[in-house]
Amino acid sequence: MKVLFVCLGNICRSPTAEGVFRKLVESENLGGPIFVDSAGTHAYHIGQPPDPRAQAAAARRGIDLSGLRGRQATLEDFHEFDYVLAMDRENYEYLRSICPHALTYKIRLFMEFAPDYPNDEVPDPYFGGINGFDRVLDMIEDAAGGLVAEIRRRY
Ligand code: 4NP
C-alpha cells in the first residue's frame, strides 16, 4: 500500500502530512505494509527541506521533518501509488490534468478522510501567520486518522 501526499511546494503541507501519517502508521504497526511519500505540483522547492515553520510546528508534536526533501510529482507516481492525496482543490485539479484517465480514481482530496473537519482543503500556510502551521497540523492529524481507518477497512 503506497500513499502520496501532494501540495504546491512540497515544503509545508505535504511533508507535514507525510511525517504525521508515517508516525501514525508506525505507531499502529503498519509501517511495513504502508509506504508514505510526498511531492509538490510545482518545481519551486525541489531538493529543499521543509519550511522551518513547518519543521518547528511538527517538532513540537514529536515529529521530525528535517530529513525530508522537496520533489515534484511525476507521471510515474500515478502508477506507483495507491492513494494520491491532494491538500487543496488547486492541487487536485492539477493532478487530474496530468494523470492518465484510467488512474484518476487514485486522486482524492485528503480532507475527505477527516471526521472532525467539514473543510475539504488544507489551507496553504506559506504566506500566512505562524498559527497557520498549527491549524494545518490539527487538520492533517484528523485526516490521517481517518485515512488509517479507511485503509484498515478496505485491506
Ligand atoms: P505548500 O506551501 O504547498 O504547503 O508546500 C507552499 C510553499 C511554497 C509556495 C506556496 C505554497 N510558493 O509559492 O513558493
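Above this note sits the structure.
What you are looking at is a predicted structure, and each value in this text was computed from that prediction instead of being measured.

Moving on, we get to the side chain of asparagine 10. Examined against the element boundaries, asparagine 10 turns out to sit in the loop between strand S1 (2–7) and helix H1 (13–27). When its relative accessible area of 2% is taken as the criterion, asparagine 10 is described as buried. Polar side-chain contacts of asparagine 10 include one of 2.9 Å to the side chain of serine 14. At 2.9 Å, the side chain of asparagine 10 forms a polar contact with the backbone nitrogen of arginine 71. Setting aside its immediate chain neighbours within four residues, asparagine 10 contacts Pro15, Ser38, Ala39, Gly40, Arg69, Gly70 and Arg71.

Once that is clear, we can look at the packing of aromatic side chains. All told, the structure shown has five aromatic pairs when counted by the stated rule. Here the aromatic rings of phenylalanine 5 and phenylalanine 21 are separated by 5.6 Å at their centres, their planes lie at 75°, and the arrangement is edge-to-face. Here phenylalanine 5 is found in strand S1, whereas its partner phenylalanine 21 is found in helix H1, with 16 residues between them in sequence. Judged by relative accessible area, phenylalanine 21 falls into the buried class, the value being 0%. The rings of Phe5, Phe21 and Phe110 are connected pair by pair, giving a single aromatic cluster.

Once that is clear, we can look at the sheet that holds strand S3 (residues 83–86). Ordered in space as S2-S1-S3-S4, the four strands form an open sheet in which the pairing is parallel. A strand with exactly one partner marks an edge of an open sheet, and here the two such strands are strand S2 (35–40) and strand S4 (107–109). Across the sheet, the axes of successive neighbouring strands diverge by a mean angle of 25°, strand direction being ignored. Both S1 and S2 contribute to a ladder of six bridges, which runs parallel. Its bridge partner being in S2, valine 3 is matched across the sheet by valine 36. Contacts from helix H4 (residues 89–98) reach S1, S3 and S4 within the one sheet, and its direction differs from that of S4 by about 170°.

Definitions and limits used
- Residues numbered from 1 in each chain as written.
- Predicted model: local features only at pLDDT ≥ 70, side-chain atom pairs only at ≥ 80, totals over all residues.
- Heavy atoms only, no water.
- Helix = DSSP H or I, 4+ residues; strand = E, 2+ residues; numbered from the N terminus.
- Buried < 20%, exposed > 50% of the residue type's maximum accessible area, 1.4 Å probe, protein only.
- Polar contact = N/O pair within 3.5 Å; in protein donor to acceptor, adjacent residues only side chain to side chain.
- Contact = heavy atoms within 4.5 Å.
- Phe/Tyr/Trp six-rings, centres within 6.5 Å; stacked < 30°, edge-to-face > 60°.
- Pairing = 2+ DSSP bridges.
- Axes fitted to C-alpha atoms, helices over the stretch in contact; angles between N-to-C directions.

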